[in-house]
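Coordinates in review
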Amino acid sequence: MATINYPENPSPVADAEAIRKACQGWGTDEKAIISIFGHRNATQKKLIRRAYEELYNEDLVKRLESELSGHFEKAVYRWILDPEDRDAVMLHAAIKETPIPDYRVIIEYSCIYSPEEFLAVKRAYQARYKRSVEEDLAEHSAGDLRKLLVALVGIYRYAGKEINARVANTEADNLHSAICNKEFNHEEIVRIISTRSIPQLIATLNRYKDDYGSSITKHLRDDANAAKEYLVALRTTIRCINDPQKYYEKVIRYAINESGTDEESLTRVIVTRAEKDLKDIKEIYYKRNSVTLDHAVSKHTSGDYKAFLLTLLGNDN
């Protein structure tokens, strides 16, 4: 379930005028910007951008980029874009990470989003960058990691709920055989993980656990026979497929800790899930950590950035 609170029929013209006012004068009224955009869904934000451009002949996204700064600016920028365009921007940044791509982001989109959602992101990517996701990813990765990631982004998974128990049994055995032989990059592992539907994969992973007494991720530990980043990416893929909300809770938990805050990861999860399942992720976080996510975010962030994230989390206090 979503966390953001928004009115049913706000006036995009009134919102555009209020945002214009917030950006004029001696300083920017960040509270006004948060109060509007923190309470608008994707359709409403699109209408605001359109109304603003029609009223003032100016791109609202570029205006806010010039008015805001730091983590707050980045969070607002990503929030007000159309979802598929925002995801294309974050996917591009992840692919261009050095020395290797941020495979977590790539895996999240390719394994958690529905086939249609991810296809929309890939189309937005091509429209914005004039290159395909596969093309850029192949250029900026190498070895077994490239083989896995390109396979994941290049497929359009079947979205049906049907499960073939015989296939699940056979492919659980195939996975176990490859892992026992330390052939972690075996083509069967990549084929099964990258092409099967999510329900079919979950059935296979459950069969693996039932037959071999442990989850497959515990058998895919770091090994001298395989590149570490490839194995981590493979485990990440399986976690995203098995339980997306539990995976996102872990990303947030690692992003906000006593050693420092990973604002990039924190922003990504909150901005991309606030209109989807962030309430479920919050509940998992509380059960796992005995503290609310709102409290943790408040403790580890500050200023307008904190206020904006808390608003997206549904905390209007």
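Residues numbered from 1 in each chain as written. Predicted model: local features only at pLDDT ≥ 70, side-chain atom pairs only at ≥ 80, totals over all residues. Heavy atoms only, no water.

In this section: the nonpolar core. Residues Phe 37, Leu 64, Trp 79, Leu 91, Leu 266 and Val 297 are the most contacted members of the largest nonpolar core, which totals 95 residues. Discounting residues that sit within four places of it in the chain, Leu 266 has contacts with Ile 252, Ala 255, Ile 256, Thr 261, Val 297, Thr 301, Tyr 305 and Leu 309. (Core = buried A, V, L, I, M, F, W, Y, C linked by side-chain atoms within 4.5 Å. Buried < 20%, exposed > 50% of the residue type's maximum accessible area, 1.4 Å probe, protein only. Contact = heavy atoms within 4.5 Å.)

Our focus in this paragraph is a positive patch on the surface. On the surface, Lys 209, Lys 218, Arg 221, Lys 246 and Arg 288 cluster together into a positively charged patch. Take Lys 246: it is sitting in helix H16 (residues 244-255). (Patch = residues over 30% accessible without salt bridge, like charges linked within 9 Å, V, L, I, M, F, W, Y side chains within 5 Å. Areas by Shrake-Rupley, 256 points an atom, 1.4 Å probe, with all protein chains shown as cover. Salt bridge = Lys/Arg side-chain N within 4 Å of Asp/Glu carboxyl O. Lys, Arg positive; Asp, Glu negative; His and termini not counted. Charge placed at Lys NZ, Arg CZ, Asp CG, Glu CD. Helix = DSSP H or I, 4+ residues; strand = E, 2+ residues; numbered from the N terminus.)

Right, let's talk about the domain arrangement of the protein chain for a bit. When its domains are assigned, the protein chain resolves into domain 1 (10-67), domain 2 (82-152), domain 3 (163-240) and domain 4 (244-311). Taken over C-alpha atoms, the centre of domain 1 sits 25 Å from the centre of domain 4. Inspection of the domain 1/domain 4 interface yields one salt bridge. As a salt-bridge pair, Lys 45 and Glu 275 come within 3.4 Å of each other at their nearest N and O atoms. Our count for the domain 1 to domain 4 interface comes out at two residue pairs in polar contact (both at pLDDT 80 or more). In the side of domain 1 that touches domain 4, the residues fall into two nonpolar, three polar and two charged. (Domains from an automatic or database assignment. Polar contact = N/O pair within 3.5 Å; in protein donor to acceptor, adjacent residues only side chain to side chain. Nonpolar A, V, L, I, M, F, W, Y, C, P; charged D, E, K, R; others polar.)

Right, let's talk about a negative patch on the surface for a bit. Taken together, the side chains of Glu 53, Glu 54, Asp 59 and Glu 65 make up a negatively charged region of the molecular surface. Position of Glu 53 relative to the elements: it lies in helix H3 (residues 42-56). Residue Glu 53 is classed as partly exposed on the basis of its relative accessible area, which comes to 46%.

Quick look at the side chain of Arg 273 now. Along the polypeptide, Arg 273 turns up in helix H17 (residues 263-273). Residue Arg 273 is classed as buried on the basis of its relative accessible area of 6%. In this structure the side chain of Arg 273 is engaged in a polar contact, spanning 2.9 Å, whose partner is the side chain of Asp 277. Leaving out residues up to four positions away in the same chain, Arg 273 has contacts with Ile 112, Tyr 113, Tyr 248, Leu 278 and Ile 281.

Note on placement: Pro 99 falls in the loop between helix H6 (83-95) and helix H7 (103-112). Sequence spacing of Pro 99 and Ser 141 is 42 residues, and the spatial spacing of their C-alpha atoms is 8.8 Å.

With numbering matched to this structure, UniProt assigns "binding site: Ca(2+)" (unreviewed entry) to Gly 25, Gly 27, Glu 67, Ile 256, Gly 260 and Thr 301. These annotated residues cover 277 residues of sequence, and their C-alpha atoms reach 35.4 Å apart at the extreme, placing them across more than a single site. Locating Ile 256 in the fold gives a position in strand E1 (residues 256-257). Not counting residues within four places of it along the chain, the set of residues in contact with Ile 256 comprises Thr 261, Leu 266, Tyr 285, Leu 293, Ala 296, Val 297 and His 300. Tracing the chain through its elements places Thr 301 in the loop between helix H19 (293-300) and helix H20 (303-312). Setting aside anything within four residues of it in sequence, one finds Thr 301 in contact with Leu 266, Lys 306 and Leu 309. (UniProt positions renumbered as here; feature names shortened; annotations may be inferred.)

Okay, the state of the cysteines next. This structure, assessed with the given rule, holds zero disulfides. Unpaired in this structure, Cys 240 has its nearest cysteine sulfur neighbour in Cys 111, at a distance of 6.0 Å. Using a relative accessible area of 1% as the deciding quantity, one classes Cys 240 as buried. (Disulfide = S-S within 2.5 Å.)

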